Amino acid sequence: MNSMDVKAIPFYRKRKKRVGRGRGSGMGKTSCRGGKGATARSGNETAIQFEGGQTPLFRRLPKRGFNNPFKKKYAIVNIKDFAQFDKDETVDVKKLIDTGIIKKILDGVKVLGDGDVKIPLTVMAHKFSKVAVEKIRAAGGEIKVYHD
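Residues numbered from 1 in each chain as written. Predicted model: local features only at pLDDT ≥ 70, side-chain atom pairs only at ≥ 80, totals over all residues. Heavy atoms only, no water.

Asker: Any chance you could explain the nonpolar core here in plain terms?
Answerer: The tendency in soluble globular proteins is for nonpolar side chains to be buried as a group. With 21 residues, the main nonpolar core has Phe82, Leu96, Val109, Val111, Phe128 and Ile136 as its most contacted residues. Secondary structure elements with two or more residues in this core: β1 (75-78), α2 (93-99), β3 (109-112), β4 (122-125) and α3 (130-138). It is α3 that provides the largest number of residues to this core, a total of three residues. With near-sequence residues (within four places) excluded, Leu96 lies in contact with Val77, Phe82, Phe85, Val91, Ile101, Ile102 and Val109. (Core = buried A, V, L, I, M, F, W, Y, C linked by side-chain atoms within 4.5 Å. Buried < 20%, exposed > 50% of the residue type's maximum accessible area, 1.4 Å probe, protein only. Helix = DSSP H or I, 4+ residues; strand = E, 2+ residues; numbered from the N terminus. Contact = heavy atoms within 4.5 Å.)

Below, the structure written as structure tokens:
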């Protein structure tokens, strides 16, 4: 290896752009901000929907429907998902998350009656459909409701 083969270590970060240091730098005069107007000023923070004074799209379009801010969203479980549990086992929210049947509780867990359950289980949830209650009790199981 010769001394002329040695290269400098590459610089690992980009140098800061030094603006406003004279016309010769290429970044003088307007300091890379263009001409006049709001964007040339300091402290300019226009909203993302701002369209230069034109009426924004979200105000031009008609409004439809209603979004209920108080609506509850439940994690849904069907009774066919209980087939993997053993006889006389207690199925609660923690067990449903551990087995991967649900990912999050959200505003609660609701059990629906899709499928069949053949073994007696004690099922604990926030809500039950009528069909789910009938099928669980017909199999010899019982239901328990979480009260918030």
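Structure shown, so let's carry the discussion forward.
Asker: Where do I start with the packing of aromatic side chains in this structure?
Answerer: The geometry of an aromatic ring pair is captured by the separation of the ring centres together with the interplanar angle, meaning the angle of the planes. Considering all chains together, one arrives at one aromatic pair under this definition. Ring geometry for Phe82 and Phe85: centres 6.3 Å apart, planes at 50°, overall tilted. Phe85 sits in the buried class, given a relative accessible area of 6%. (Phe/Tyr/Trp six-rings, centres within 6.5 Å; stacked < 30°, edge-to-face > 60°.)

Asker: Could you clarify how one ought to interpret the pattern of salt bridges in this entry?
Answerer: In a structure, side chains of opposite charge can pair up when their charged atoms sit close to one another. In the structure shown here, the tally under the stated rule is four salt bridges. We note a salt bridge from Glu89 to Lys95, for which the minimum N-O separation is 3.0 Å. Taking the relative accessible area as the measure of exposure, Lys95 reaches 26% and is therefore partly exposed. (Salt bridge = Lys/Arg side-chain N within 4 Å of Asp/Glu carboxyl O.)

Asker: What am I meant to see in the side chain of Asn78 here?
Answerer: Within the secondary structure, Asn78 sits in strand β1. At 3.5 Å, the side chain of Asn78 forms a polar contact with the backbone nitrogen of Asp114. Apart from the residues lying within four places of it in its own chain, the contact partners of Asn78 are Leu112, Gly113 and Asp114. (Polar contact = N/O pair within 3.5 Å; in protein donor to acceptor, adjacent residues only side chain to side chain.)

Asker: Which parts of the structure should I look at to understand the sheet that holds β1?
Answerer: One open sheet holds the three strands; their spatial order is β1-β3-β5, and the pairing between them is parallel. The sheet terminates laterally at β1 and β5 (127-128), the two strands that pair on one side only. (Pairing = 2+ DSSP bridges.)

Asker: What exactly am I supposed to notice about the environment of Pro69 here?
Answerer: Locating Pro69 in the fold gives a position in the loop between α1 (57-60) and β1. Sequence separation between Pro69 and Lys7 is 62 residues, and the spatial gap between their C-alpha atoms is 63 Å.

Asker: Sorry if this is basic, but what is going on with the sheet that holds strand β2 (residues 90-91) here?
Answerer: Pairing between the strands of a sheet comes from backbone hydrogen bonds, and it takes one of two forms, parallel or antiparallel. Read from one edge of the open sheet, three strands run β2-β4-β6, paired in parallel fashion. The sheet terminates laterally at β2 and β6 (142-145), the two strands that pair on one side only.

Asker: I'm lost on unusual backbone geometry in this one. Help?
Answerer: Glycine aside, a negative phi is what most residues show, and trans is what most peptide bonds show. Notably, Ser31 is not glycine yet its phi reads approximately 55°, a positive angle. The class for Ser31 is partly exposed, based on a relative accessible area of 21%. Although it is not a glycine, Leu106 adopts a positive phi angle of roughly 60°. Judged by relative accessible area, Leu106 falls into the partly exposed class, the value being 49%.

Asker: It is not clear to me how the environment of Leu61 should be interpreted in this structure. Could you clarify?
Answerer: Turning to its location among the elements, Leu61 is positioned in the loop between α1 and β1. On the basis of relative accessibility, which here comes to 48%, the residue Leu61 falls in the partly exposed class. Residues Leu61 and Lys14 lie 47 residues apart in sequence; the distance between their C-alpha atoms is 44 Å.

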